[in-house]
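Geometric and topological summary
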Amino acid sequence: AAEWGSEATIALNSPLADVHRARKWEHHAECQDRFGSGGAACWGGAALAELAQTAPVEDVLALLPRLEASCAEAPKEQLMRAALRLGELAQCAEDAEVGETLHAGAHVLLTSVVARARDFSGPEPLLEVLEAMAATGVALPDLLDRVLAALYAQLARAALPPGAARRAAAALAWHCAAADGAPVALGPAGRRVVAAVARALRVEGAEEECRALDALFGAAGPPASSGSSGYCAGL
């Protein structure tokens, strides 16, 4: 159970902080037996995330519970790279259970990245998060909406970089496809990001991509302005 008043919960802004701390100690002995007393048993989240990017799949599976419990300690950029590696390993896994374990690990790491999405500087890293979610198969409307909310705050300071609109549209299309026909509900900030992407596509002359984006999201919300419909019609 979460200890809401604990120092770890307050410091890391997560109700699972104490749970993760307990899990780290549970896996301490296992890591010590496999990697030695001076190895992974003593490492924190940053070192584990770095190792997960290059280690054989057997070692990754052994370290994964400790990495999941330590993910709040690792830089978000390293976690995203580690999540991409887990996604690649999951897709190549011959054993379905191994693939599910690796995919679940990628989900945990990306959730930690999204929890710190507002700390990214500029739109580009947030576009990379959207693409990483698609590459690893992590499709959760809540995570998508939180990334788009952070992206909206960045777009208030800087425009989408050249070519970014097509990348964002492709990532958003993947999330719609992953929803398997269910509507992808976005908050106000997310809807405004979709509208901004559509405007950028029009400026770049990508009318086909803009129409596809409107077809995916246009029916998911009320008219954006009088006489027009869909997120892509405007703000």
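Residues numbered from 1 in each chain as written. Predicted model: local features only at pLDDT ≥ 70, side-chain atom pairs only at ≥ 80, totals over all residues. Heavy atoms only, no water.

**Here's the deal with a negative patch on the surface**
On the surface, a cluster of negative charge is made up of Glu94, Asp95, Glu97 and Glu100. Summarising the element assignment, Asp95 is placed in the loop between α6 (76-92) and α7 (96-115). (Patch = residues over 30% accessible without salt bridge, like charges linked within 9 Å, V, L, I, M, F, W, Y side chains within 5 Å. Areas by Shrake-Rupley, 256 points an atom, 1.4 Å probe, with all protein chains shown as cover. Salt bridge = Lys/Arg side-chain N within 4 Å of Asp/Glu carboxyl O. Lys, Arg positive; Asp, Glu negative; His and termini not counted. Charge placed at Lys NZ, Arg CZ, Asp CG, Glu CD. Helix = DSSP H or I, 4+ residues; strand = E, 2+ residues; numbered from the N terminus.)

**Quick notes on helix α10 (residues 164-178)**
The end-to-end C-alpha separation of α10 is 21 Å, in line with the 21 Å expected for 15 residues at 1.5 Å each. Summarising the contacts, the buried residues of α10 are in contact with α8 (123-136), α9 (141-155), α11 (188-203) and α12 (207-217). Remark: Asp180 follows α10 within two positions and exhibits a positive phi of approximately 55°. (Expected span 1.5 Å × (residues − 1). Contact = heavy atoms within 4.5 Å.)

**Some thoughts on the packing of aromatic side chains**
Any pair of aromatic rings gets described here by the distance separating the centres and the angle formed by the planes. Taken as a whole, this structure holds zero aromatic pairs when the rule is applied. The side chain of Lys76 reaches across the aromatic face of Phe120, ending 5.0 Å from its centre. (Phe/Tyr/Trp six-rings, centres within 6.5 Å; stacked < 30°, edge-to-face > 60°. Lys NZ or Arg CZ within 6 Å of the ring centre and 35° of its normal.)

**Topic: the side chain of Ser112**
Within the secondary structure, Ser112 sits in helix α7. On the accessibility criterion, Ser112 (11% relative accessible area) is buried. Apart from the residues within four sequence positions on either side, Ser112 is in contact with Cys71, Ala72 and Leu79. (Buried < 20%, exposed > 50% of the residue type's maximum accessible area, 1.4 Å probe, protein only.)

**Re the packing of α6 against α7**
Running from N to C, α6 and α7 cross one another at 160°; their axes reach a closest spacing of 8 Å. Taken as axis vectors, α6 and α7 run roughly antiparallel relative to one another. Between α6 and α7 lies a crossing whose hand is left-handed. Residues Lys76, Leu79, Met80, Ala82, Ala83, Leu86, Gly87, Leu89 and Ala90 of α6 form the contact with α7, whose participating residues are Gly99, Leu102, His103, Gly105, Ala106, Leu109, Leu110, Ser112 and Val113. (Axes fitted to C-alpha atoms, helices over the stretch in contact; angles between N-to-C directions. Parallel < 35°, antiparallel > 145°, perpendicular 65-115°, else oblique. Left-handed = near helix turned anticlockwise from the far one by under 90°.)

**Re the environment of Gly122**
Its location among the elements puts Gly122 in the loop between α7 and α8. Note: C-alpha distance between Gly122 and Leu151 (29 residues apart in sequence) is 8.1 Å.

**Side note on the pattern of salt bridges**
Applying the stated criterion across every chain yields a total of six salt bridges. Here Arg166 and Glu209 are joined by a salt bridge, their closest N and O atoms 3.5 Å apart. Note that Arg166 is positioned in helix α10 and Glu209 in helix α12, a separation of 43 residues in sequence. On the basis of relative accessibility, which here comes to 39%, the residue Arg166 falls in the partly exposed class. The structure contains a network of salt bridges with shared partners spanning Glu124, Glu131 and Arg167.

**Some details on the side chain of His175**
If you trace the backbone, His175 turns up in helix α10. The exposure class of His175 is buried, given its relative accessible area of 5%. If we ignore the near neighbours within four places in the chain, the residues touching His175 are Leu130, Met133, Val138, Ala139, Leu144 and Val184.

**Description of the packing of helix α5 (residues 57-70) against α7**
Orientation of α5 relative to α7, taken along the N-to-C sense of each, is 40°, at an axis distance of 10 Å. Overall, the two elements α5 and α7 adopt an arrangement that is oblique. Both α5 and α7 take part in a crossing whose hand is left-handed. When α5 is examined against α7, the residues Val57, Val60, Leu61, Leu64, Leu67 and Glu68 are found in contact with a partner set consisting of Val98, Thr101, Leu102, Ala104, Gly105, Val108 and Leu109. Tallied by class, residues from the contact of α5 with α7 come to 10 nonpolar, two polar and one charged. (Nonpolar A, V, L, I, M, F, W, Y, C, P; charged D, E, K, R; others polar.)

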